[in-house]
Amino acid sequence: MQTRTLGTQGLTTSAIGYGSMGISFAYGAADAAGGSSAIQRAYDLGVTFFDTAEMYGWGENEKVVGQAVKGFRDEVVVATKFGFTRDYGFDSRPEHIREVVENSLRYLSMDHIDVLYQHRVDPNVPIEDVAGTVKELIDAGKVKYFGLSEAGPETMRRAHAVQPVSVLQTEYSLFERDVEVLFPTLNELGIGFVPYSPLGRGFLTGTTKLASEYEEADMRSWDARWQPGNFEKNVEATRQLTELAATKDATVAQLALAWLLAQGEHIVPIPGSRSAKRVEENIGAARLTLTAADLTRIKEILPTGGFGSRYPEGMNPNWH
Ligand SMILES: NC(=O)c1ccc[n+]([C@@H]2O[C@H](COP(=O)([O-])OP(=O)(O)OC[C@H]3O[C@@H](n4cnc5c(N)ncnc54)[C@H](OP(=O)(O)O)[C@@H]3O)[C@@H](O)[C@H]2O)c1
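Every value quoted in this text rests on a predicted model; they were computed, and no experiment measured them.

Definitions and limits used
- Residues numbered from 1 in each chain as written.
- Predicted model: local features only at pLDDT ≥ 70, side-chain atom pairs only at ≥ 80, totals over all residues.
- Heavy atoms only, no water.
- Near = heavy atom within 4 Å.
- Polar contact = N/O pair within 3.5 Å; in protein donor to acceptor, adjacent residues only side chain to side chain.
- Helix = DSSP H or I, 4+ residues; strand = E, 2+ residues; numbered from the N terminus.
- Nonpolar A, V, L, I, M, F, W, Y, C, P; charged D, E, K, R; others polar.
- Buried < 20%, exposed > 50% of the residue type's maximum accessible area, 1.4 Å probe, protein only.
- Contact = heavy atoms within 4.5 Å.
- Core = buried A, V, L, I, M, F, W, Y, C linked by side-chain atoms within 4.5 Å.

Student: Would you mind showing me how to read the site of the ligand here?
Tutor: By nearness alone, 30 residues border the ligand, and Tyr27, Asp51, Leu199, Ser273 and Arg278 come closest of all. With respect to the ligand, the side chain of Ser197 contributes an N or O atom lying 2.8 Å from an oxygen atom. Between a nitrogen atom of the ligand and a side-chain N or O atom of Glu281, the distance comes to 3.2 Å. With three residues, the single largest contributor to the shell around the ligand is helix α9 (residues 276–283). Considering only residue class, the shell around the ligand consists of nine nonpolar, 13 polar and eight charged.

Here it is in structure tokens:
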């Protein structure tokens, strides 16, 4: 698999990474065994970038990832995140960051974290204090690179002045384009970009179901993109994208990931799956080249993204 460089501090990863959230969070019952075999398959096929977070099961997800990458730990980049409280509030106080990092190192069974992200900007803690704390952790050898998630231009700029930011992670897919307004800042500061939920939380795979068919613990049971009115339009767009993908002997998931890769050399999507077979399919996107005509057709199908807000009112991050 090709590699890509994120930021200007030396962070290099496979062009497609792997997101582990769904192994234990957001999409129904946990599946550690499926997740472990998916991670192994991803590595076998050249993936060197694995994404987890404290919040995905409060250590459970990090334990699965740590165990699964044990045999090849030094060959891969492992990213984790701090900044949520157990009731989904924010906490990026320096003492909390230090505590979470010690826990993450223990859960992951590692002596350092490659990429440490602030999961959400904490309005009660100046970003300079967050960046300064991460800098201390980098100086101590516990962390290698600094990342932000769902941060805006001003926050990135202020953080970057204290500790260079290598990467921003935010939702981005054929359905979610808002983050494109941040690309000029990323280019100016030389920050890489990791699109999360690059398959539209599974919608852009053609295997989605009605909201009512997901279990309660699956966020797609309440996600606006699955609600009547939006759902049918998103299904129709996915059908047209699937038709286009078929003309290229590809699946719609591969088309969705190849589209992201075509948006810039600084972009590394991290699709998630608990299935080794689907991981194999997703990684196939790295071999799919989209022509100018393909990109034009995609623009006709979804000029500005899908239908329905990605988070409910009040949960949408503010990009300052
Ligand atoms: N920074 C943040 O705030 C944030 C937020 C959300 C996510 N993330 C990160 O981004 C990663 C990816 O996002 P995501 O997991 O939300 O969404 P995603 O990658 O867009 O979609 C994942 C869903 O798609 C299904 N899927 C994947 N490949 C498939 C295929 N080829 N065919 C059919 N179904 C397929 C998976 O089901 P199966 O498991 O059954 O295959 C899963 O339900 C996460 O794992 C996490 O690491 C970060």
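Student: Looking at this structure, how should I read the side chain of Glu176?
Tutor: Mapped onto the elements, Glu176 comes out in the loop between β8 (165–171) and α6 (183–189). Since its relative accessible area comes to 7%, Glu176 is described here as buried. There is a polar contact of 2.9 Å between the side chain of Glu176 and the side chain of Arg225. Leaving out residues up to four positions away in the same chain, Glu176 has contacts with Glu171, Arg225, Gly308 and Arg310.

Student: Could you clarify how one ought to interpret the nonpolar core in this entry?
Tutor: Judged by nonpolar contacts, the single largest core of 81 residues is most densely connected at Ile39, Phe50, Val69, Leu148, Met156, Leu168 and Leu241. If you tally residues by element for this core, the top one is helix α8 (residues 252–261), at nine residues. Residues within four places of Ile39 in sequence aside, it is in contact with Tyr18, Ile23, Phe50, Val65, Ala68, Val69 and Phe72.

Student: Looking at this structure, I do not really get the environment of Arg4. What am I missing?
Tutor: Positionally, Arg4 belongs in strand β1 (residues 3–6). For the pair Arg4 and Ile267, spaced 263 residues apart in sequence, the C-alpha separation works out to 7.7 Å. Not counting residues up to four positions away in its chain, the partners in contact with Arg4 are Leu11, Thr12, Thr13, Ser14, Ala15, Leu261, Gly264, Glu265, Ile267 and Val268. A distance of 3.2 Å separates the side chain of Arg4 from the backbone oxygen of Leu261, its partner in a polar contact. At a separation of 2.8 Å, a polar atom in the side chain of Arg4 contacts the main-chain carbonyl oxygen of Gly264.

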